[in-house]
Every structure is written in structure tokens, then in C-alpha cells.
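Breakdown of the fold
Residue-level listing of the chains:
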Amino acid sequence: NSNNNNMRGSDWPRSNSKKGNKQGKNRTVVLVVIAVPVLLWLMLSIRPKAPAAKSLNDIKVDMHVHTTESDGDRTAEEQIELAAKIGLDAVWITDHDMIRDLSRTREIQAVALRKGVEVSFGVEITVDWEKKEHHLLGYFPDSVWAQRELSDPMKRLQTACAVVKESRRKRNTNMQNFLNSVLRSDIGKYYFVDPSRQSSFTDIDVDVVADWAKTNANLMEPTSLGRPHFRAYLIEVVGIREDLIFGPRAGDGVATLTSSGDVYFDEDREGKQGVEIEALMHSATLAKRDIAFNPLPIKEAINLINLAGGRAVLAHPPTLGSKWTSKFVDLVPDLAASGLWGIEAFSSEIDSENHNIIARLAKENDLVMTAGSDNHGSLKIYAHLGEVKRHGNAEYAELEYWARSGLKQSHNLRNDEL
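Residues numbered from 1 in each chain as written. Predicted model: local features only at pLDDT ≥ 70, side-chain atom pairs only at ≥ 80, totals over all residues. Heavy atoms only, no water.

Section: the confidence of the model for the protein chain
When pLDDT is averaged along the protein chain, the result is 85; 83% of the residues meet or exceed 70. Low pLDDT, under 50, characterises residues 1-19; the predicted model gives this stretch zero contacts beyond four residues in sequence or across chains. Counted against residues more than four places away or in other chains, residues 40-56, with its pLDDT under 50, gives 19 contacts. (pLDDT = per-residue confidence, 0-100. Contact = heavy atoms within 4.5 Å.)

Shown next as C-alpha cells:
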């Protein structure tokens, strides 16, 4: 028996060769039947590890990107193509106050797959935080979009976002009326590049702006019409000075226009003589006239995101203005206790000083620091796709953290591996 056990295959008796061949073929078939499904399972379930960045200039993921489906001027496809061109490995599309239907989501996913860029989806919801309008990001894993239809919690979030978006439509009508009133008034002449154009000014109409923006500012749908589209129309059609439309994002929107035509906002106004004038579409200018959204209460938005399987992140905190450090910093722990998952710590709108405050809050409240450009195509000239630090500032103390782990973090969030 021991000799038989040690026999080589070629030493088996010839009288058993046909039977042996048959048994061998059967074993081969069984192995193939077993192996093919196993290999397919392995291919689908084993995801490649996200490579770490090699330097601070090798940041590969942008988690805050907008498209024409809200208030950007590049389509999702164009953003993905640009991301591939500049070397990004992953982008998160976070359009304002909207959850896409699955069919559109899958169209974008197919384009990203062809371009070799990981695309993930979130939302940037307009929220009310202590009577201050702000933004909350929601990020969702791919599993949310892999079903036959959106889950009931996701549908509830989609409906809530649609209500906020409708309030944007009402604001646009009120904004139209306000702009017409100001530009026809005595002070209106100061807003024109050429003051003589005031006499030929034709009233602004929301529908006309929307039609113009479809061709000239890549507006995909009228319900996404927003301040950036009005801005472009005011500059290119009406002839309004660019520096008197938005002004600095923080502050009260009030400026001094000197006799030489220079404009000074906020602390830069000190000692300057001239006409006091408001930036036409600054959030504070509009808020004084109750021209605003009816946004979701921030804790309600956090809860809706969490119930839908997502993660809630406080967007670009310094844009809260002067009360960011005097009031809202102390309220972050309350949001963390209410289910806030992260806080945007790296952005074109966050300088190094504010970054240090955010990094401290993240550590104290066990919040994840995220990074995103808040790119709107060409509509925010300072927010370039893939750039997650403010120009002209020293390196953020924690930027190395994002360079080292940002892509991995995004990868884990996308695959629900947190």
C-alpha cells in the first residue's frame, strides 16, 4: 500500500487509464465550476487600496464640487473630464439642495468609469443655524445608488431638498424686483460701469435671465438659477460693475465708493471718503430685505442625512462671517452631539488661521476633517478644481494629514468602510 501511495501518475496500470482520464476531466470541470464564481466574487469584493499622496502637492481627491445641475457652469461630465486631465483620482459632486434620480447618477458614473476617475455623490444643503444661513454637506456611499430605487429615507431627504430649492425660486423673483428698484433709483447709476447706461436700463426678468444663462452660463434647469447666474447676467448684459455685486463673502456687504471709483469693504473703509453703497447681491444686503431661502434647520438636515445612510459635514465654517469665531465655534460641540460626522478644514475659502481653529475643533469633538475646493466651474475664480487651500497663505498645519490620508478616507467613505 505504501508503494501504491507513492506511485507517480504515469505508473498507474494501463487498464485504468480511460477511467482515470474520465475522472480527471470530471475533476477539471468541478474545479472550473467552483473557481469561476469565486474569482468573480473576489474581483468584485476586493477593492484596490487607495495610494497615499507622496507630497503636499499630490492631493488626489476633491470632496466639494458643483455642476450645472445646481449653480456651476460646467456639467458633471466636464468636471470629470477636467479632473482626469489635472490628475485627480476622485471627486465628490455635491450640488446644492438636490438629490439626483438614479438614472442620471448612473449616467455620470459611466462617464467617470471611462475617464478613470472615482466619482461619488453628496449634497450641499442650505441650512439655518441659529438664524444664520449656512451650508451642510452630506456624503453617501455607493451602496445608496446601487438599489433599484432610492430608499424611503433618501426619498424623504430628496423631498426636503426640493422644498429648499423651491424657496430659491421664490427668492429669485424677489431678487429680480429688488434689483430693478435699486438700478432705477438715484444711487443706481453708481453700479453701472458706464453711468450713462442707466437711462437705457431694461427691467431684469427671471425668465429672461434663465434663458440667457442656459446658453451663456451653462444653466441646466431653471430651478437651479442662482446668484452666480444673476451675477454673470448683470456683468455681461446690464453692464454692472463686478466689484459691486457680491463683495467679500463675509462682512455686512456695505462699501465706500470713492470719487476715483475705488471700492472699499469692511475694515478697509476706515478713513475713506465717498458714497456709501451696498453690494447688490451680498447675502447681508438681501437678508435686510427678507430676500432669502427658507432653509432646513441644521439639526433636521443632519438627521435626514444620517437616516439616509450618509455622513454630515459642516461646510466652509469661516463663511459664517464675523460671528464664526465669536459665536459659532462654541456651538460646534452641540452639532457633534447631534450626529455631525465631519467639518471642512481645507478649502479655498479657509485661511491658515481659521484652519487651525477648525483642526482644534475636529480633534476636541472627534470630527473628521475633509477637504474640497467648492469649485463652481469658472464662476468662483478663486476656487479651482482640486485645490484645497487658500492662495497666498502659509501651508496649513494639518494639510499633510489630508495629503497622506485624504484619498483613502474618501475611498472608505465611498465604500461604506468607516
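Details of the sheet that holds strand β5 (residues 254-257)
Spatially, the three strands line up as an open sheet ordered β6-β5-β7, and their pairing is antiparallel. Edge strands, defined here as strands with exactly one partner in the open sheet, are β6 (263-265) and β7 (275-278). Here the average twist between neighbouring strands, direction ignored, is 35°. Sheet analysis places β5 next to β6, joined by three bridges and oriented antiparallel. The residue bridging Leu-257 from the neighbouring strand is Val-263, located in β6. (Pairing = 2+ DSSP bridges. Helix = DSSP H or I, 4+ residues; strand = E, 2+ residues; numbered from the N terminus. Axes fitted to C-alpha atoms, helices over the stretch in contact; angles between N-to-C directions.)

Here's the deal with the environment of Ile-305
Looking at the element boundaries, Ile-305 is found in helix α9 (residues 298-307). If we ignore the near neighbours within four places in the chain, the residues touching Ile-305 are Ile-125, Leu-136, Leu-137, Gly-138, Phe-140, Leu-157, Gly-310, Arg-311 and Ala-312.

Structural notes on the pairing of strand β10 (residues 342-346)
Of all five residues in β10, five are buried; the element is thus mostly enclosed. Relative to β10, strand β9 (residues 311-314) runs parallel, the two sharing two bridges. Following the sheet pairing, Leu-314 is matched in β10 by Ile-343. Bridging between β10 and strand β11 (residues 368-371) involves four bridges; their strand directions are parallel. The residue bridging Glu-344 from the neighbouring strand is Thr-370, located in β11. (Buried < 20%, exposed > 50% of the residue type's maximum accessible area, 1.4 Å probe, protein only.)

Points about the pattern of salt bridges
Going through the model one piece at a time under the given rule, you end up with 21 salt bridges. Of the charged contacts in the structure, one is a salt bridge between Arg-231 and Glu-242, with a shortest N-O distance of 2.6 Å. In this pair, Arg-231 sits in helix α7 (residues 227-238) while Glu-242 sits in the loop between α7 and β5, placing the two residues eleven residues apart along the sequence. Under the relative-accessibility criterion, Arg-231 is labelled buried at 14%. (Salt bridge = Lys/Arg side-chain N within 4 Å of Asp/Glu carboxyl O.)

Quick look at α9
Within α9, the full set of buried residues consists of Ile-298, Ala-301, Ile-302, Leu-304 and Ile-305. For α9, the arc enclosing every buried residue in end-on projection is 165°, short of the 170-degree limit, so these residues lie on one face. Where α9 ends, the next residue or the one after it, Gly-309, has phi of about 90°, a positive value. (Arc of directions from axis to C-beta.)

A closer look at the packing of aromatic side chains
Throughout the structure, instances matching the rule amount to seven aromatic pairs. Their ring planes at 85° and their centres at 5.1 Å tell us that Trp-92 and Tyr-139 sit as a pair that is edge-to-face. Placement of Trp-92 in strand β2 (residues 90-93) and of Tyr-139 in strand β4 (residues 132-140) is noted, with a sequence separation of 47 residues between them. The residues Trp-92 and Tyr-139 share a single accessibility class, namely buried. Pairing Phe-121 with Trp-145 gives two aromatic rings, centres 5.9 Å apart and planes at 75°, and the pair type is edge-to-face. A residue pair is termed long-range when its members are at least 10 positions apart, and Phe-121 in strand β3 (residues 118-129) and Trp-145 in the loop between β4 and α5 (152-184) qualify at 24 residues. Here Phe-121 falls in the buried class, since its relative accessible area comes to 2%. One aromatic cluster is present, built from ring pairs that chain together Phe-121, Phe-140 and Trp-145. (Phe/Tyr/Trp six-rings, centres within 6.5 Å; stacked < 30°, edge-to-face > 60°.)

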